[in-house]
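Observations on chain architecture
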Amino acid sequence: MRPVKRWKRAAALVCAALMLGACAQKEPDAEEKDENLIVVGFSEVGAESDWRVANTESMKNTFVEEKGYELMFHDAKQKQDSQIAAIRNYILQEVDYIVLAPVVEVGWDEVLMEAKDAGIPVIVVDRMVKVEDDSLYAAWVGADFRKEGDTAMQWLEEELKRQGRDKEPLYIVHVQGTEGASAQIGRTEGLEAGLSAHPNWKLAARLSGEFTQAKTYEVVLELLSQGTDVDVIYCENDNSAFGAIQALEEKGVSYGADGDVIIISFDATRAGLTACLEGKINLDVECSPLHGPRVEKIIRQLENGETPEKNQFVEEGYFTRENLTEEFITEREY
Ligand code: AHR
């Protein structure tokens with residue numbers, strides 16, 4: 001996509017070599033060998049969850065030198081300001097592509113305009129950005145978070161019918177992820193729709209778990225200490241579910257497939273599915289973190305002068321103890 005930029009970089013390296021008196025017969029040094037690599041600057045949300053770690057690995061394993069890439073990696077530690085600074089830095093360094101896994105949806109217009117003005121295509125991955133002008137990014141690939149929430153609600157409705165509890169009042173505790181993140185927004189919308197459709201379902205509490213085990217443990221433990229009625233804990237990711245489970249165990253409350261409190265989770269990481277097979281998590285809705293090859297496909301299309309599909313949703317399923325096996329979990333990539 002940006003041969004001119006790579007040519008400029010190569011020319012600069014050659015000039016530098018000549019000025020340093022490098023002779024023609026000399027083997028190219030590491031920098032000279034790199035001149036044709038596609039430089040990708042990636043700003044990652046952080047390392048808040050097992051899912052995120054798998055996502056980072058997928059990117060790092062995809063954008064390797066052997067495949068023709070140089071990857072610049074930035075961990076934003078869940079801070080949007082840090083991502084904006086990283087993007088500006090990538091622009092200054094004249095990378096070929098910027099890949100952004102945004103912490104939150106809003107607040108990107110200005111910096112993405114700067115990238116556009118610099119002629120650097122931006123690919124958004126995982127969570128979405130909400131911008132006035134969608135030409136500010138080349139393509140997005142990620143999950144349909146709203147659909148994930150709807151899947152969870154549909155399963156809950158059927159599960160309650162199966163248990164003969166569908167007419168009883170149901171107290172749901174909602175543990176939200178990072179406020180303003182697409183994963184939080186979509187999964188919350190799904191729950192809201194479920195609550196509206198079932199007048200006997202009550203929101204017992206809404207807590208902020210920030211997609212982490214530690215924060216969820218803290219807030220659920222506090223809630224249980226207050227003696228709040230709880231029938232369902234709707235956790236917006238696996239690490240949150242682990243935190244809720246930790247708190248329930250500490251309080252001696254029975255939960256899971258053979259217990260009283262129903263645990264709903266998202267991600268379906270290997271650890272999440274293991275907890276599901278053990279009956280600790282009732283439902284784990286899948287959210288794939290293996291975006292490296294998906295982003296690479298978009299870059300390849302751009303390199304070939306093609307227009308990638310603008311918004312690309314990944315197909316996902318869901319898991320309960322009934323449709324899981326140990327072999328399946330062992331073979332899972334994340
Ligand atoms: O945006 C995807 C979400 O972010 C995953 O569900 C969660 O585990 C991660 O931290």
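Residues numbered from 1 in each chain as written. Predicted model: local features only at pLDDT ≥ 70, side-chain atom pairs only at ≥ 80, totals over all residues. Heavy atoms only, no water.

**A closer look at the overall build of the protein**
Scanning the protein from terminus to terminus reveals twelve helices and twelve strands. Overall, the protein is about 80 × 45 × 35 Å in size when its C-alpha atoms are taken along their principal axes. Among the 334 residues that make up the protein, the fraction classed as buried is 52%. Look at the contacts in the protein between residues 6 or more apart in sequence, and 73% of them connect residues 24 or more apart. Carbon and sulfur atoms make up 50% of the accessible area of the protein, which amounts to about 15400 Å² in all. Taken as two groups, the 35 positive and 63 negative side-chain charges of the protein have centres that lie 2 Å from each other. (Helix = DSSP H or I, 4+ residues; strand = E, 2+ residues; numbered from the N terminus. Buried < 20%, exposed > 50% of the residue type's maximum accessible area, 1.4 Å probe, protein only. Contact = heavy atoms within 4.5 Å. Areas by Shrake-Rupley, 256 points an atom, 1.4 Å probe, with all protein chains shown as cover. Lys, Arg positive; Asp, Glu negative; His and termini not counted. Charge placed at Lys NZ, Arg CZ, Asp CG, Glu CD.)

**As for the nonpolar core**
Counting residues in hydrophobic clusters, the biggest one holds 29 residues, and the most contacted among them are Val173, Leu207, Val220, Ile233, Ile263 and Ile281. Listing elements by their share of this core, those giving two or more residues are β6 (170-176), β7 (201-208), α8 (213-225), β8 (232-235), α9 (238-251) and α10 (270-277). The leading source of residues in this core is α9, at six residues. In contact with isoleucine 281, other than residues within four places in its own chain, are Asp238, Ala241, Phe242, Ile245, Ile263, Ser265, Gly272, Ala275 and Cys276. One finds Val39, Ile98, Val131 and Trp140 within the second-largest nonpolar core, a separate group that totals 22 residues. (Core = buried A, V, L, I, M, F, W, Y, C linked by side-chain atoms within 4.5 Å.)

**Focus on the sheet that holds strand β10 (residues 283-286)**
Spatial strand order, β7-β6-β8-β9-β10-β12: six strands in an open sheet with mixed pairing. The outermost strands of the open sheet, each flanked by one partner alone, are β7 and β12 (318-319). As judged from the four bridges shared by β6 and β8, these two strands associate in the parallel manner. Of the residues in β8, the one forming a bridge with histidine 174 is tyrosine 234. Its contacts with the sheet put helix α7 (residues 182-197) on β6, β7, β8 and β9 (262-267), and the angle it makes with β7 is roughly 160°. Of the strands in this sheet, β6, β7 and β8 are in contact with α8, which crosses β7 at around 130°. (Pairing = 2+ DSSP bridges. Axes fitted to C-alpha atoms, helices over the stretch in contact; angles between N-to-C directions.)

**So, the site of the ligand**
In the region of the ligand, the neighbouring residues are Glu48, Ser49, Trp51, Arg52, Asp126, Arg127, Ala183, Arg187, Phe211, Asn237 and Asp267. At 2.4 Å, a side-chain N or O of glutamate 48 approaches an oxygen atom of the ligand. Asparagine 237 places a side-chain nitrogen or oxygen 3.0 Å from an oxygen atom of the ligand. When the free accessible area of the ligand is taken as 280 Å², the share hidden by the protein chains comes to 100%. Listing elements by their share of the shell around the ligand, those giving two or more residues are α3 (50-62) and α7. In terms of residue class, the shell around the ligand is built from three nonpolar, two polar and six charged. (Near = heavy atom within 4 Å. Polar contact = N/O pair within 3.5 Å; in protein donor to acceptor, adjacent residues only side chain to side chain. Nonpolar A, V, L, I, M, F, W, Y, C, P; charged D, E, K, R; others polar.)

**Some thoughts on the environment of valine 125**
With respect to the secondary-structure elements, valine 125 resides in strand β4 (residues 122-125). Measuring from C-alpha to C-alpha, the distance between valine 125 and phenylalanine 42 comes to 9.9 Å, with 83 residues separating the pair along the chain.

**Re the packing of helix α6 (residues 145-163) against α7**
It is at 7 Å that the axes of α6 and α7 come closest, and there the two elements cross at 35°. The crossing of α6 and α7 is right-handed. Contacts between α6 and α7 involve Phe145, Arg146, Glu148, Gly149, Asp150 and Met153 on the former and, on the latter, Ser182, Ala183, Gly186, Arg187, Glu189, Gly190, Leu191, Ala193 and Gly194. Grouping the constituent residues of the contact of α6 with α7 by class yields five nonpolar, five polar and five charged. (Left-handed = near helix turned anticlockwise from the far one by under 90°.)

**Quick look at the environment of alanine 85**
Among the structural elements, alanine 85 can be located in helix α4 (residues 80-92). Judged by relative accessible area, alanine 85 falls into the partly exposed class, the value being 43%. Residues alanine 85 and histidine 291, 206 residues apart in the sequence, show an inter-C-alpha distance of 23 Å.

**Structural notes on the pattern of salt bridges**
Tallied over the full model, the rule gives 23 salt bridges. Between aspartate 258 and arginine 321 there is a salt bridge; the shortest N-O distance is 3.0 Å. Here arginine 321 lies in the loop between β12 and α12 (326-331) and aspartate 258 lies in the loop between α9 and β9, a separation of 63 residues in the sequence. Owing to a relative accessible area of 28%, arginine 321 belongs among the partly exposed residues under this scheme. Between arginine 300 and glutamate 296 there is a salt bridge; the shortest N-O distance is 3.8 Å. Taken together, the residues span about one helical turn, with arginine 300 and glutamate 296 both in helix α11 (residues 292-303) at a distance of four residues. By relative accessible area, arginine 300 is classed as partly exposed at 33%. (Salt bridge = Lys/Arg side-chain N within 4 Å of Asp/Glu carboxyl O.)

**Looking at the side chain of asparagine 237**
Within the element layout of this structure, asparagine 237 appears in the loop between β8 and α9. Within the structure, the side chain of asparagine 237 is placed 2.9 Å from the backbone nitrogen of serine 240, a separation counted as a polar contact. When neighbours within four sequence positions are excluded, asparagine 237 is seen to be in contact with Ser49, Arg187, Phe211, Ser265, Phe266 and Asp267.

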